[in-house]
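Each chain, written out:
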Amino acid sequence: MTEFNEDRFFDPDPTIRRHARDVYDETRALPIISPHGHVDVAMLASNDAFPDPAALLVTPDHYLLRLLYSRGIPMESMGVAAVDGSPPPAETDPRKIWQTFADNWSLFRATPSRAWMEYELREVFGVKCALDSESAQKVYDTISERLASPEFRPRALLKRFNIEVLATTDAATDSLDHHQKLRNAQLGTRVIPTFRPDALFEISSPNWRAEIERLGKISGREIKTYRDLVSALAGRRAEFKKAGAVATDHGVQSPRTERLRDGDIDRLFFAAVRRTATADDQSKFSAHMLMEMAAQSTEDGLVMQLHAGASRNHNEALYHRFGLHRGGDIPLVTEYTENLRPLLNAYGNDGRFRLVVFTLDESAYSRELAPLAGHYPAMLLGAPWWFHDSIEGMMRFRQATTETAGIYNTAGFTDDTRAFCSIPARHDLARRIDANYLGGLVARHIIDTSDAREMAHAMAYDLARRAYRLDSEESNGKS
């Protein structure tokens, strides 16, 4: 492998680079706080060995699949099978999958996926040569050998990665049995669930009634009315909190919020029961339920996360053949100021409430989100997300938001990943980019070195702990 330069991602200007090194030294060894992500809790609960390099690193990674598919690489060749089992069959030989990935490794030049994967290969698996077509099988053998050892079981890696807190994302109807098993195991890492009720708000979906039945079953109650639903959700939130949850998460296309009248919300609920709810009905219902979730957060203290602006399954043919999370989701232009007005006017000044907002629309950073977070005590800006947790994307985020909101109205870094072995890579990249940003401010005499070190520590560690109320002694409000 080409030299893994210690100054990677830092500015070529020698003054900025010198300050960036100094700032990065403040954060490089800090524990990882991962307050939002999609690691499979069942993997940690079972602690089974990972099957092979391709199944671990390639096939489940929609970042990789998206770019490979864009250049004509069939999903089947990456081990992704059609949901209905129709031909052509998916490749089942992991060595062939890995070889195809390595043959197309050049596609990832200058992308964050390349930066993360190179870190994983070198720092996690100890690969010493560069990945390419010729070295593919040698690299595969090295990783396979590592995966066969106890030191590379999920729980051992959890400790090695120095992860202090790891939040998973769990459906409102999840039993939480895996989380109970992990609590009993006393891992040394705090693995906690996150309450995500999205499926219960999608009233125009053909799956909605089945989701309601699941909620009723796990709640031990029949859900016949909207009020039954609200009560069941409150009960599940309490169960999640008992299991260690500190937050909820809500993925929406539009961050619309609106408190509906009782009669109107009842009408929408019964339309869903009759399977006559429309997409417009669902939009109204979701807007109302976000208000309801905010109200419940003021009571139970769970931090409310809002991820808005993704057009899901944009490639309909791909979705119908291969299902979710195959790289077919696309960012949308998203409006926040008016959409969030009802929610923020109702709860944005309440010290018991905390809202962390993420966006896929970078144009909203300076125009709307930084001014909103820089005003409402309850609102914080989430980290650059998905398409934007990249080298340049994270720098653009800091440049667009800091002058208006400062760093203390942000929620720290979240890796938001399903790729377990990429967690330390993602946090290291974020810490380097923040160090570089702060190094530039020092070089321009906007802040001094002591400011930069303190800010870097906050950005890498303190802000996430505070935002997600991970310290039991923390007071209400932002500070």
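Here, every reference points to the structure presented above.
Residues numbered from 1 in each chain as written. Predicted model: local features only at pLDDT ≥ 70, side-chain atom pairs only at ≥ 80, totals over all residues. Heavy atoms only, no water.

Q: Tell me about empty space enclosed by the protein, and please be specific about residues and values.
A: With the rule as written, the count across this model stands at five cavities of 30 Å³ or more. The computed volume of the largest cavity comes to approximately 90 Å³. Along the walls of the largest cavity sit Leu381, Ala383, Pro384, Met394, Phe397, Arg398, Thr410, Ala411, Gly412, Phe413, Ala430 and Asp434, which together make up its complete lining. At the level of secondary structure, the elements contributing two or more residues to the lining of the largest cavity comprise α18 (391–405) and α19 (423–443). No other element matches α18, which puts three residues into the lining of the largest cavity. Of the residues belonging to the lining of the largest cavity, the class tally is eight nonpolar, two polar and two charged. (1 Å grid on protein atoms, 1.4 Å probe; cavity = no way out; pocket = protein on both sides within 12 Å on 5 of 7 lines; lining within 4 Å. Points joined across faces, edges and corners; volume = space filled by probe spheres on them. Helix = DSSP H or I, 4+ residues; strand = E, 2+ residues; numbered from the N terminus. Nonpolar A, V, L, I, M, F, W, Y, C, P; charged D, E, K, R; others polar.)

Q: An account of the pairing of strand β2 (residues 163–167) is needed here, citing residue identities and associated values.
A: Of all five residues in β2, four are buried, a share of seventy percent or more. Both strand β1 (residues 32–34) and β2 contribute to a ladder of three bridges, which runs parallel. Within the sheet, the bridge partner assigned to isoleucine 32 lies in β2 and is isoleucine 163. As defined by bridge partners, β2 adjoins strand β4 (residues 190–192) across three bridges and the pair is classed as parallel. Of the residues in β4, the one forming a bridge with alanine 167 is isoleucine 192. (Buried < 20%, exposed > 50% of the residue type's maximum accessible area, 1.4 Å probe, protein only. Pairing = 2+ DSSP bridges.)

Q: How would you summarise the nonpolar core if you had to cite specific residues and measurements?
A: Core analysis: the largest hydrophobic core is formed by 57 residues, its most contacted members being Leu233, Phe285, Leu343 and Met379. The element best represented in this core is helix α14 (residues 279–300), accounting for seven residues. If you look at the next biggest cluster of nonpolar residues, it comprises 52 residues, including Ile407, Met455, Ala456 and Ala467. (Core = buried A, V, L, I, M, F, W, Y, C linked by side-chain atoms within 4.5 Å.)

Q: So what's going on with the packing of helix α6 (residues 112–124) against α19? Residues and values would help.
A: Between α6 and α19, whose axes approach to 8 Å, the crossing angle comes to 120°. Considering only the axes of α6 and α19, their crossing is right-handed. On the side of α6, the interface is formed by Ala115, Trp116, Tyr119, Glu120 and Val124, while α19 contributes Pro424, Ala425, Arg426, Asp428 and Leu429. Partitioning the contact of α6 with α19 into residue classes produces seven nonpolar, no polar and three charged. (Axes fitted to C-alpha atoms, helices over the stretch in contact; angles between N-to-C directions. Left-handed = near helix turned anticlockwise from the far one by under 90°. Contact = heavy atoms within 4.5 Å.)

Q: If you had to explain the side chain of arginine 236 to someone new, which residues and values would you point to?
A: Counting through the fold element by element, arginine 236 comes out in helix α12 (residues 226–242). Here arginine 236 occupies a buried position and makes no salt bridge, while the nearest side chain of opposite charge, glutamate 239, is found at 5.0 Å. Other than its neighbours up to four places away in sequence, arginine 236 contacts Ala172, Thr173, Asp174, Ser175, Leu176, Phe195, Leu215, Ile218 and Ser219. (Lys, Arg positive; Asp, Glu negative; His and termini not counted. Salt bridge = Lys/Arg side-chain N within 4 Å of Asp/Glu carboxyl O.)

Q: Please give an account of the layout of surface pockets that cites residues and values.
A: Each pocket or cavity is described by its volume, and for the second largest pocket that value is around 360 Å³. Lining the second largest pocket we find 19 residues, and of these Tyr24, Arg28, Tyr119, Pro424 and Asp428 sit closest to its centre. Taken together, the elements giving at least two residues each to the lining of the second largest pocket come down to α6 and α19. By residue class, the composition of the lining of the second largest pocket is nine nonpolar, two polar and eight charged.

Everything listed is a geometric property; what it means functionally is a separate question.
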